[in-house]
Amino acid sequence: MTERLRIAIQKSGRLSDGSMELLKNCGLKVSRGKDRLYGRVQEMPIDVMLLRDDDIPEFVADQACDIGIVGENVFEEDRLGGAREDAAEEVMRLGFARCRLMIAGPKEWDYDGPAHLNGMRIATSYPGLTQAWLEREGAAAKPVMMKGSVEVAPRLKVADAVCDIVSTGATLDANGLKPVATVFSSQALLIRNKEPFPTEKQTIFDALIKRINGVITSRDAKYVMMNAPRTAVEAITEYLPGADAPTVLDLVGAPDKVAIHAVCRESVFWDQLEELKKLGASAILVLPIEKMMA
Ligand code: PRT
Ligand code: ZN
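Notes on the structure follow. In this text the structure is predicted, and so the values were computed from the model without any measurement. (Residues numbered from 1 in each chain as written. Chains lettered and ligands numbered in written order. Predicted model: local features only at pLDDT ≥ 70, side-chain atom pairs only at ≥ 80, totals over all residues. Heavy atoms only, no water.)

1. Concerning the side chain of His261
Worth spelling out the cut-off: Here a strand is any run of E in DSSP of at least two residues, a helix any run of H or I of at least four, and the numbering for each starts at the N terminus. Here a polar contact is recorded for every N or O atom pair within 3.5 Å, except that within protein the pair must consist of a potential hydrogen donor and a potential acceptor, and residues adjacent in sequence are included only if both atoms are side-chain atoms. We call two residues contacting when some pair of their heavy atoms lies within 4.5 Å.
Counting through the fold element by element, His261 comes out in strand S15 (residues 257-264). Polar side-chain contacts of His261 include one of 3.2 Å to the side chain of Tyr223. Once you skip the residues sitting within four places of it in the chain, His261 turns out to touch Tyr223, Val224, Met225, Pro246, Thr247 and Leu249.

So this is what it looks like as structure tokens:
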């Protein structure tokens, strides 16, 4: 039987769409029935396990899965809690499900720094990350563990403040709270078991990582084409954001002009196009890149 790489992703929640989308952009289609905990990829020998996000680090640490996608906040909290901290490790950040773990308190607070929190009780589902931040900042406050609905704790007088995940800030706002300090910035993280994979599995892993890298680098990348005076090539090359050596082509019947083609690894904005025009560029085209492999 050929070896298959097992990846754990969140079944349903804020990480699941991004995780599925990433696999899809890697050219992998996951076939699964409704409510099934298990999916199979046709295009590569990969199996997908659909789990609660909190279980993913443990499944990877226990080798029930080889790799997994989890929020950095959950992984780091587990690590601080000492949960099998040596058995799983970070492979790379994936650039989605971005959020921040933040200290928040009543809107009428006059927050002037961490010392403001002295003597307070802070409700959180992340006591490890919260405690580490409090110690680093020298604030004498105490995290109080709450599993869910952390944002209601101050109203119930269970705590004076909260330390919770914030993305738009709407939840805090609706509960009369305001964020005052960032404890931890998070995004989706690819993790793996630390044990070396057997050769066959390693080959599948390497192929997948190559595709993921391709997806991540092409996400913001653009293919930029323009015509320009031959004398402006150097200035334009220097100006293009994150571009490698561009391709410069002669234009038929216009000896003073060239066509410049370049891959820009960062987004290209309107004001940058204006700048290129000032440098003499014309007929500028910016095209999306679907796939890229170094
Ligand atoms: O069922 P399961 O256990 O799998 O899921 P879950 O409910 O525990 O987690 P889920 O799906 O809510 O979040 C999974 C991961 O997504 C988290 O660990 C974070 O890494 C990331 N993430 C990104 C978020 C948010 N954004 C987010 N906004 N996790 C939670 N929230 C919650 C937050 O707790 C608060 O209740 O959304 C609310 C705040 O949102 P705003 O937009 O009002 O600020
Ligand atoms: Zn969860």
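Moving on from the coordinates now.
2. Focus on the sheet that holds strand S13 (residues 222-229)
Note the following rule: Here, a strand pair is defined by DSSP locating no fewer than two bridges between the strands. The axes are straight lines fitted to the C-alpha atoms, using for helices just the contacting stretch, and the angles between their N-to-C directions are given from 0 to 180°.
Taken together, 4 strands build an open sheet; the order of strands is S14-S15-S13-S16 and the sheet is antiparallel. With one partner strand each, in any of the chains shown, strand S14 (247-250) and strand S16 (282-288) form the two edges of the open sheet. When strand polarity is set aside, the average angle formed by the axes of neighbouring strands in this sheet is 20°.

3. Some points on the coordination of the zinc ion (ligand 2)
Applied cut-off: Water is not part of the atom set, so a site may look incomplete; the donors themselves are N, O and S atoms within 2.8 Å of the metal, or 3.2 Å for Na, K and Ca. Square planar and octahedral sites, with four and six donors, are those where opposite donors lie more than 155 degrees apart and all other angles lie between 65 and 115, tetrahedral sites have four donors with every angle between 85 and 135 degrees, and the rest are irregular. Under the scheme applied here, a residue whose accessible area is under 20% of the maximum for its type counts as buried, over 50% as exposed, and between as partly exposed, the area being computed with a 1.4 Å probe on protein chains only.
At this site the zinc ion (ligand 2) is bound by Asp53 (OD) and Asp54 (OD), with donor distances of 2.0 to 2.1 Å. Coordination at the zinc ion (ligand 2) is irregular: its 4 donor atoms span angles of 74 to 174° at the metal. Classification of Asp53 by relative accessible area gives buried; the value is 16%.

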